[in-house]
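Residue strings, one per chain:
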Amino acid sequence: MTNTGWTDHEASDAVTADRAVMVLDACGRVTNWTAAAERMTGRSADEVVGVHGSALFPDAEDGSSLDDLMGQAALSDSGMATRMARGHVLTVSALRGGGGLCGFALCVEVSPLDAYRQAFATCGEAHVLVDTESCRVVDANAKAASLFGRTVVTMRGSRFDALSGIQPSTLVAACADLRPGAIRRLRLDTVLGEQDLTLAPISPYDCGLVALTLRDACESPETTALKADYRRLAHLAHYDSLTGLANRHYFTDYLGKAVARARRRREKLAVLFIDLDNFKPVNDSLGHEAGDMLLAEIARRLQRCTRASDLVARYGGDEFIVVLEDLEDQDAAVEIATKIAASIAVPVLLSGRRAVVAASIGIACYPEGADTVQGLIRAADKAMYEAKRTRRRSRAAATGRSGPRRPQGPTGGSLDRGTRGERHGRHRS
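Residues numbered from 1 in each chain as written. Predicted model: local features only at pLDDT ≥ 70, side-chain atom pairs only at ≥ 80, totals over all residues. Heavy atoms only, no water.

> Mind showing me how you'd approach the overall build of the protein chain here?
In terms of helices and strands, the protein chain carries 15 helices and 19 strands. In the protein chain, which comprises 429 residues, the share counted as buried stands at 48%. Accessible area for the protein chain stands at about 21300 Å²; split by element, carbon and sulfur atoms hold 51% of it. (Helix = DSSP H or I, 4+ residues; strand = E, 2+ residues; numbered from the N terminus. Buried < 20%, exposed > 50% of the residue type's maximum accessible area, 1.4 Å probe, protein only. Areas by Shrake-Rupley, 256 points an atom, 1.4 Å probe, with all protein chains shown as cover.)

> What exactly am I supposed to notice about the packing of helix H12 (residues 279–286) against helix H13 (residues 288–305) here?
Helix packing for two helices is described by the angle between their axes and how far apart those axes are. One can describe the packing of H12 onto H13 by two numbers: an axis separation of 6 Å at closest approach and a directional angle of 140°. Taken together, the axis directions place H12 and H13 in an arrangement best described as oblique. Between H12 and H13, the contacting residues are Phe-279, Val-282, Asn-283 and Leu-286 on the first element and His-288, Ala-290, Gly-291, Leu-294 and Leu-295 on the second. For the contact of H12 with H13, the class distribution of residues is six nonpolar, three polar and no charged. (Axes fitted to C-alpha atoms, helices over the stretch in contact; angles between N-to-C directions. Parallel < 35°, antiparallel > 145°, perpendicular 65-115°, else oblique. Contact = heavy atoms within 4.5 Å. Nonpolar A, V, L, I, M, F, W, Y, C, P; charged D, E, K, R; others polar.)

> Is there a simple way to explain the side chain of Asp-275 in this structure?
Of note, Asp-275 is situated in strand S12 (residues 268–277). A polar contact of 2.5 Å, which involves the side chain of Asp-275, links it to the side chain of Lys-388. (Polar contact = N/O pair within 3.5 Å; in protein donor to acceptor, adjacent residues only side chain to side chain.)

> Hey, could you run me through the sheet that holds strand S11 (residues 209–216) in this one?
By definition, the strands of a sheet pair up through backbone hydrogen bonds, in either a parallel or an antiparallel sense. Taken in spatial order, the five strands of this open sheet run S8-S7-S11-S10-S9, and their pairing is antiparallel. Each edge of the open sheet is held by one strand with a lone partner, namely strand S8 (136–140) and strand S9 (184–190). For this sheet, the mean inter-axis angle between neighbouring strands, taken without regard to orientation, is 35°. Sheet analysis places strand S7 (residues 126–131) next to S8, joined by four bridges and oriented antiparallel. In the strand pairing of S8, Asp-131 is matched with Arg-136. The strands touched by helix H9 (residues 168–175) are S7, S9, strand S10 (193–201) and S11; relative to S9, the strand with the most contacts, the crossing angle is about 170°. (Pairing = 2+ DSSP bridges.)

> Even after reading the chapter, I still don't get helix H11 (residues 248–265), so can you show me in this structure?
Along an α-helix, residues three or four positions apart point the same way, because every turn accommodates 3.6 residues. Look at H11: 25 Å from first C-alpha to last across 18 residues, which is about the 26 Å you get at 1.5 Å a residue. Where H11 is concerned, the buried positions are Tyr-250, Phe-251, Tyr-254, Leu-255, Ala-258, Val-259, Arg-261 and Ala-262. The buried side chains of H11 occupy one side of the element, clustering within an arc of 165° when seen end-on. Among the exposed residues of H11, those oriented more than 90 degrees off its buried face are His-249 and Arg-264. Arg-266 occupies a position one or two residues after H11 and carries a positive phi of about 60°. (Expected span 1.5 Å × (residues − 1). Arc of directions from axis to C-beta.)

What follows is the structure, given as structure tokens:
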């Protein structure tokens, strides 16, 4: 029998919290189910022996199945094949005997990335997962987010170099030749001051991902308290207390940096100006507390409709604004705006009563619509009012005809895309 990647002793007794080994016959049916496999899946040997392995482990995110993996292992020179599948790493080794294929050994491990996320979520130290190829934050815990005056959600997708002041080349050099299981410590100047960093690659399956632990190089109880006070004040200065979104001041500063990035990288970005229609009647009839609940719910819907790398801000009152970076074209912005309008139009239950609002959305794109911060805001604001006027004209026209009126945007909302020097019609929903 050829080498399977582990000994027979390991195949029968591999019992760890995050790893289990089982044996399948040549057709993919379970023939050996270890105690570790039972603990990992919650199923006994009596339940699974004879069951095809694909019924126990779901297809991967790319649609590939366990059958595909077994086929790859059978044809591979190494006799092995590996893939990620919804939080697990599956490794199949072809077992050969008597000159032919006699079965497969399947090793299932908890994804190192998922395991790391679970471990650092409640950790007292600041941890950040960074993709060294794009220099973007994949994830962070609450401690790290608070250090940078952000939330975990707004950390995800952000440029780590922009957050920390650490250049991408420095990070790549620090990770050079660093193998999974090894760590590297170094001290660097960052926007937070001098920091002691510990770097650790996640695993060979998550190439390019590195875990960073940040510690202040000169920490003391007094400086810790002062920094905590500073972070609280910074949060109050930059975030809306009702919705938790960025406020107008933070948005303006962020948009300036976003425009500079887009200009430097020759990329497109868009600003969506969103105004709620019918909010005042809801606020007046149900009360200000219900109005606040509605605004908080709209904020949550906006975040669900946008990417982690996008900025969602409350501009004031019932107005919101979104910055979309790294867009392929203007149609991508229209697509997200259409999704937002549809989400906002879904009724909200407030104090036992059903409230319905709609959104008028103006879109301004860089560089076509404007190439400055104030120019983009003005263009998006103008486009929003044009969308609102279009909606009102359509409603007024609808009262003068017997047939049903045609909606002015997704689920009754209204969109308008503004560009420099010309006016474009609504995007067709």
